[in-house]
There are 2 protein chains.
Amino acid sequence: MDESARAAAAAMDAADPLADRRALFRLPEDVVYLDGNSLGALPLAAERRIAEAVSGEWGESLIRSWNAHGWLDLPARTGDRIARLIGAAPGSTLCCDSTSINIFKLLAAALAMRPGRDVILSERGNFPTDLHVAEGLLGLIGRGRLHLVARADIAGALGPEVAVAMLTQVDYRSGCRLDLDETTRAVHDAGAVMLWDLAHSAGAFRVDLATSRAEFAVGCGYKYLNGGPGAPAFAYVRPDLADDVAPALSGWMGHAAPFDFEPGYRPAPGVDRLRVGTPPILSMTALHAALEAFEGVDMAQVEAKGRALVDFFIAEVERLAPPGALSLVSPRDGARRGPQAAFATPNGYAVMQTLIADGVIGDFRAPDILRFGFAPLYTRFVDAAQAAALLADILATGRWDRPGNHVRAAVT
Amino acid sequence: MDESARAAAAAMDAADPLADRRALFRLPEDVVYLDGNSLGALPLAAERRIAEAVSGEWGESLIRSWNAHGWLDLPARTGDRIARLIGAAPGSTLCCDSTSINIFKLLAAALAMRPGRDVILSERGNFPTDLHVAEGLLGLIGRGRLHLVARADIAGALGPEVAVAMLTQVDYRSGCRLDLDETTRAVHDAGAVMLWDLAHSAGAFRVDLATSRAEFAVGCGYKYLNGGPGAPAFAYVRPDLADDVAPALSGWMGHAAPFDFEPGYRPAPGVDRLRVGTPPILSMTALHAALEAFEGVDMAQVEAKGRALVDFFIAEVERLAPPGALSLVSPRDGARRGPQAAFATPNGYAVMQTLIADGVIGDFRAPDILRFGFAPLYTRFVDAAQAAALLADILATGRWDRPGNHVRAAVT
């Protein structure tokens, strides 16, 4: 890395109003971690709290912890911490289950709200689990169909038969971001229900969910929210609808009076009815604590930093890489992008493996995409500079083309 | 407690072939814990492993842990440890989601196997979540009905319209246990599918699931398996059926090739197709490690000890308590019972609160039931003796009848 790039990066880090956040995370010394959009880094608060929850709460208080340590309302309390980050009102967001399961719940609710319509509209390039869940639900109820279009064709596909549009705001490969308000408005104008997947949005940039008037949203706890591997997900229901949603996945924790052990189901008021079984308290405790890293943080600053990091990374890569060695897949306009950069390059898989072996962790998405995530809370401009320089060097020297380096990478 | 009872208990503890297991758990000094059927105690291995998984795996290896630390197949590896405890073949049992969610998956699969029948038969006294889930599923698919009968009337209710019998082997209040073979045979003779809920069976006594030929089973990770609060549950599919089950909850982790990111769903071979979203690795790691406490343990010994503990407890309570103060709700015959004892008594709630305040933790189930669980791996005969003596003393002195002692207890 040349000195001028390093100096520029260091100056941006020195001016970064979020620079103090990095100290809240445990990050390995020898790694530049650009995969926080797949698995967020470990917040020290999560490490500390989970140890307390295991030894102190489970070990010492045992069953009494459900009340004594607030396990019972942990899903609501964690949901409230997430709500602030996505522009949602307290009480509108619940932490529960996985993103996939939550999509199932809310897709079923959306279809029930539009009995005369039977199409679920989505993108062909949506993250597969969203599509798989829709397919399973339609198969189960024995009616309706999933209509998949390219991102550019969504607006044109909104017709009177569309019950619900299920869209992921940020494309998991390219980082391309849909405008929340504009898209929701188009969906509403067509009379359909809006279900957002905010997996790559929550904690990544400013989201004003309430303003958009979208009916439903889900999202992921283990990406930018840093809740740990397989952290529970979240589900949002627009408050005016929450008491009318009939849960398709109705379990005792979503009952109005779970400890009265009634044989008949009566949904709890509001979004609590989306609870199903007993929540994974240890994993949820990690997420709840992880969210402390966002306390006092202005999401507009998070968004600005993410955009600046990616702008800088793209500029450095394009400045340093051999001409024609790669091409930008992500939108160049930061307003149309999540905080990630994707480049297409031949031999992308081997290139990424070499990067990882050399200490820069991004990931690879078939067929040829290098994906780099810039989680704004803990990624520095010097990380972006170092990663760009290494990537350019690997491409220039062709040293990705060595054997024995092709361990299969895993997990979005 | 009188000396002869203490001596008898101590002698039984000394002769207990499982006595060494208690040292594998962290148990508070000042408590007799008889609620392991609600939340199992903390195994030291779980405490150790979860710290490693947080700091070493998540913190240091980050995303690489999916391969490097076996997160990807943790559901299958955990399922295999559970399989041994329930008499199931390796590869037949998956650790995933919650018991409620797993009931949904397998009820949907069962209904699909009997297209000409539309009744789900269950018990009126079943644990409510099982019934709620069935109600939600039937509402979603818009056909079928849930037929609820008393336990004694199950056999008589098995008719040609019953698609599936969904039964919990051990009643969560009384501990009354159904015979797995006999019940499954009756259900099969009526042409229906058998779905067992083994929430209060797995890890509690010997279960021979494969021998019973039941099609499906689910169970809980946080009771006798000691996986921690809200630990993931398990699902079993009889191996000859596993490749034919069409998952209603179809998510990317149950896809045949999850990392190929195909838009269309193709189920994974076998029980892996019951995976949905990304599993809660931290909670599942705790369960996986907790199961080490069963390594080398003969489940027939676990069953024998559980029976002996409860027999001894019942005898002591009945010997010491004031005549007429309480009545046994659990079966007196240990072969017809899980390792728990339930007594009905007026003012049961206040009595249980007093017991808890005095260091004996059981739980209360409306309207009037004191419930005591005797997890065989870590409960001693001296614990049973001490609890019986304290209960008798509370009933004899009437000191449950004091104010300010009525904090609401929670969670089954």
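First, a word on scope: everything that follows refers to the structure included in this document. Please read all numbers here as calculations on a predicted model, not as lab measurements.

Residue-level contacts link 83 residues of chain A with 82 residues of chain B. For the pairing of chain A and chain B, the buried interface totals around 6,900 Å² over both sides, and the portion due to carbon and sulfur atoms is 71%. Our enumeration of links across chain A and chain B arrives at 0 salt bridges. Inspection of the chain A/chain B interface yields 19 residue pairs in polar contact (both at pLDDT 80 or more). At the level of secondary structure, the elements contributing two or more residues to the side of chain A that touches chain B comprise β3 (42-43), α2 (44-61), α3 (65-68), α5 (99-113), α6 (128-141) and α10 (281-290) of chain A. Broken down by element, the residue count for the side of chain A that touches chain B peaks at 10 residues, all from α6(A). Residue classes in the side of chain A that touches chain B are distributed as 49 nonpolar, 22 polar and 12 charged.

What follows covers the sheet that holds strand β10 (residues 233-237) of chain B. Residues and elements named next belong to chain B. Pairing is mixed in the open sheet, where 7 strands are placed in the order β4-β10-β9-β8-β7-β5-β6. The sheet terminates laterally at β4 (93-96) and β6 (145-149), the two strands that pair on one side only. Averaged over all neighbouring strand pairs, the angle between strand axes comes to 20°, with direction disregarded. Note: β4 against β10, 4 bridges, orientation antiparallel. Bridge pairing in β10 links C96 to A233. Helix α4 (residues 74-85) rests against β4 and β10 of the sheet, and its axis sits at about 120° to β4.

Take helix α13 (residues 381-397) of chain B next. Residue and element names in this part refer to chain B. Its 17 residues place the ends of α13 24 Å apart at the C-alpha level, agreeing with the 24 Å of an ideal helix rising 1.5 Å per residue. In terms of residue burial, α13 counts as a mostly covered element, since 12 of its 17 residues are buried. Among the structural elements, α1 (3-15), β2 (32-33), α11 (299-320), α12 (348-357), β13 (360-361) and β15 (369-373) are those in contact with the buried residues of α13.

Rules of the game
Residues numbered from 1 in each chain as written. Chains lettered and ligands numbered in written order. Predicted model: local features only at pLDDT ≥ 70, side-chain atom pairs only at ≥ 80, totals over all residues. Heavy atoms only, no water. Contact = heavy atoms within 4.5 Å. Buried area = accessible area lost by both parts, 1.4 Å probe. Salt bridge = Lys/Arg side-chain N within 4 Å of Asp/Glu carboxyl O. Polar contact = N/O pair within 3.5 Å; in protein donor to acceptor, adjacent residues only side chain to side chain. Helix = DSSP H or I, 4+ residues; strand = E, 2+ residues; numbered from the N terminus. Nonpolar A, V, L, I, M, F, W, Y, C, P; charged D, E, K, R; others polar. Pairing = 2+ DSSP bridges. Axes fitted to C-alpha atoms, helices over the stretch in contact; angles between N-to-C directions. Expected span 1.5 Å × (residues − 1). Buried < 20%, exposed > 50% of the residue type's maximum accessible area, 1.4 Å probe, protein only.

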